[in-house]
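Structural overview
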Amino acid sequence: MKRRSFLGLIAGSAVTAYLNVTRAATGGDEAGTVFRHGVASGDPLGDRVILWTRVSGQSKSRVRVRWQVAKDPDFREVVARGRVRTGPERDYTVKVDADGLEPGIAYFYRFRAGGETSTTGRTKTLPDGRLDAARFAVVSCSNHPYGYFHVYRDIAEDEEIDAVIHLGDYIYEYGMGGYATEYAEVLGRIPEPPVEVVTLADYRQRYAQYKADPDSQAMRARMPLIAVWDDHEITNDAWRDGAQNHQDDEGSYAGRVAAATQAYFEWMPIRGEARSAESRIFRSFRYGDLLSLIMLDTRLYGRDAQPDANGESDPERIGRRLNDASRRMLGAEQEAWFERELEQSSAVWQVIGQQVMVSPVRTPDLEPIVDMEADAGLPRDMRKRLVEVSKSNPPMLLDTWNGYPHARQDFLAAIARHSNNAVVVTGDLHTSMAGDLIPEGGDAPVAVEMITTSVTSPGFDQYLPQQRPGAIRDATLDFNATLRYMETSRRGWLKLNVTRDDVIGEWHLVDGVQAPNYTKSVDRRLRVATGEVGKGLQDA
Ligand SMILES: [Fe+2]
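No experiment lies behind these values; they were computed from the predicted model shown.

Let's shift gears to the sheet that holds strand β18 (residues 432-437). Strand order in this open sheet of 7 strands is β14-β15-β16-β17-β19-β18-β20, and the pairing throughout is mixed. Of all the strands in the sheet, the pair left with one neighbour each is β14 (283-287) and β20 (483-487). Strand-to-strand twist across the sheet, computed as the mean angle between neighbouring axes with direction ignored, equals 15°. Bridge analysis of β18 against strand β19 (residues 447-451) gives 5 bridges, and the strand direction is antiparallel. Residue pairing for β19: M433 is matched across the bridge by I451.

The next subject is the layout of surface pockets. Taken as a whole, the largest pocket spans an internal volume of roughly 600 Å³. If you trace the largest pocket, you find 26 residues lining it, with L322, R362, P395, N402 and P405 closest to the centre. Taken together, the elements giving at least two residues each to the lining of the largest pocket come down to α6 (315-323) and α9 (405-418). For the lining of the largest pocket, the per-class residue count stands at 15 nonpolar, 8 polar and 3 charged.

The next subject is the packing of aromatic side chains. Taken as a whole and assessed by the stated rule, the structure comprises 16 aromatic pairs. Taking the centre distance of 5.3 Å and the plane angle of 70° together, the rings of Y146 and Y183 count as edge-to-face. One end of the pair, Y146, is in the loop between β9 (133-139) and α1 (150-156); the other, Y183, is in the loop between β10 (163-166) and α2 (184-187), and 37 residues separate them in sequence. A ring pair is formed by F149 and Y210, whose centres lie 6.2 Å apart and whose planes are at 45°; its orientation type is tilted. Here Y210 lies in helix α3 (residues 200-211) and F149 lies in the loop between β9 and α1, a separation of 61 residues in the sequence. Comparing F149 with Y210, the two get one shared label, buried. What links up through ring pairs into an aromatic cluster is the set F149, Y152 and Y210. Here the basic side chain of R110 rests over the ring of F75, its NZ or CZ set 3.8 Å away from the ring centre. Looking at K211, its charged tip hangs above the ring of W52, at a distance of 4.7 Å from the centre.

Basis of the calculations
Residues numbered from 1 in each chain as written. Predicted model: local features only at pLDDT ≥ 70, side-chain atom pairs only at ≥ 80, totals over all residues. Heavy atoms only, no water. Pairing = 2+ DSSP bridges. Helix = DSSP H or I, 4+ residues; strand = E, 2+ residues; numbered from the N terminus. Axes fitted to C-alpha atoms, helices over the stretch in contact; angles between N-to-C directions. 1 Å grid on protein atoms, 1.4 Å probe; cavity = no way out; pocket = protein on both sides within 12 Å on 5 of 7 lines; lining within 4 Å. Points joined across faces, edges and corners; volume = space filled by probe spheres on them. Nonpolar A, V, L, I, M, F, W, Y, C, P; charged D, E, K, R; others polar. Phe/Tyr/Trp six-rings, centres within 6.5 Å; stacked < 30°, edge-to-face > 60°. Buried < 20%, exposed > 50% of the residue type's maximum accessible area, 1.4 Å probe, protein only. Lys NZ or Arg CZ within 6 Å of the ring centre and 35° of its normal.

Pasting the structure below:
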């Protein structure tokens with residue numbers, strides 16, 4: 001681990017782990033129930049859906065697991081069933097692509113192995129034909145040691161949700177003493193293993209801990225997941241060929257990516273298997289004639305290095321990289337795929353799910369904002385350098401599309417060519433935000449962006465102490481005319497309500513994640529009307 005460049009320190013995934021922890025030996029399975037990681041479903045299509053579970057306490061090389069899908073929660077009307085085998089080569093995870101289903105139907109599923117039956121999960125296939133409404137929970141950044149997954153619980157209790165769109169940072173790689181672990185001991189959420197995860201065994205153990213969480217299990221058992229990874233499923237500020245938080249003494253980067261993505265495909269209800277470091281996770285889902293959900297990989301597949309990668313802090317060299325039109329975010333193949341997806345979508349809406357902020361946000365002068373005397377947050381010397389750098393109003397966070405302005409211009413141009421009704425949903429920022437997406441030199445939005453905050457991960461307010469509450473929000477909104485909304489203090493999720501008339505985003509926020517109980521409220525509702533994306537976001 002090393003200290004990252006201060007330009008990138010402003011928010012989001014971009015925080016250094018402060019302490020190194022010596023790697024320790026990690027344990028295996030403990031005794032207990034067979035299905036202690038719950039169930040999940042994901043990647044629904046019109047006739048099939050991925051069903052997932054894991055069997056625990058097994059040491060045999062082959063374990064047989066039976067599964068059932070029914071139309072009712074009592075399994076009187078079973079419509080599909082089968083047997084699969086699992087074993088140590090896939091960490092005893094089970095993934096079934098249950099087919100022969102009907103479109104637009106809620107199904108119930110369960111597994112049986114080792115003399116036990118799993119809890120019953122509920123899922124839903126994609127609807128076909130005319131569709132009037134679809135509703136999604138959009139989430140990102142669930143850092144287990146930093147707090148309770150109240151947000152997952154809150155989503156589980158919403159009866160309207162068709163699917164959860166998880167935009168990544170489903171796990172974090174850090175060990176005890178690293179980023180956002182200051183409450184881990186008191187909350188009983190010490191990372192497992194207690195060190196930064198690097199090997200396949202490490203990543204598997206980390207997923208096992210996250211998946212044992214009861215709030216996570218409640219959400220997964222209620223609705224299908226459509227998930228993509230961001231950086232922390234691998235390591236902080238990852239790109240195709242490296243990462244801020246990957247060092248030579250941690251082995252080859254390609255080897256680490258292979259381990260991380262193998263564990264992801266084992267433990268997440270995503271269709272397919274990890275094949276190599278170049279596993280494709282960009283894919284699309286069609287909700288009848290209402291919307292195409294296009295999921296992108298802005299992280300690993302085609303991303304060139306960030307302008308401040310490898311500790312680069314020289315403003316001139318960073319500037320040259322920003323101006324280099326050849327630097328890509330998606331890579332040529334994914335760009336071509338994205339354009340075809342937009343072109344072929346005849347649905348009313350194109351909803352684009354991707355990881356990092358698209359809005360061209362510049363950093364306001366932080367001098368009148370940051371409290372240099374406060375004991376909390378980033379160390380004072382880092383705060384001081386941040387304030388100095390902010391005086392030239394640099395693009396905020398070079399790990400976002402802000403570090404790839406030419407690729408962003410091409411991305412928005414592709415949307416403008418093929419879509420009249422585009423909404424981009426974004427994670428990673430640990431901040432609720434929304435804005436209009438206007439290409440450089442243009443005068444009207446070609447899409448709008450809605451950014452969900454984190455499930456638990458700390459935001460601006462936790463590591464950049466302010467002279468008065470709301471100061472960062474106010475200055476950022478004042479300085480960036482395309483932004484419509486920003487909330488920096490609370491964690492939560494974005495409810496996306498898609499109809500033939502409009503898309504309404506609702507930011508559902510909780511009052512805290514370190515207390516066992518919580519209260520929630522809807523902080524803001526913003527609307528974009530069908531055929532009127534050019535007018536941008538309006539209050540709803
Ligand atoms: Fe994050």
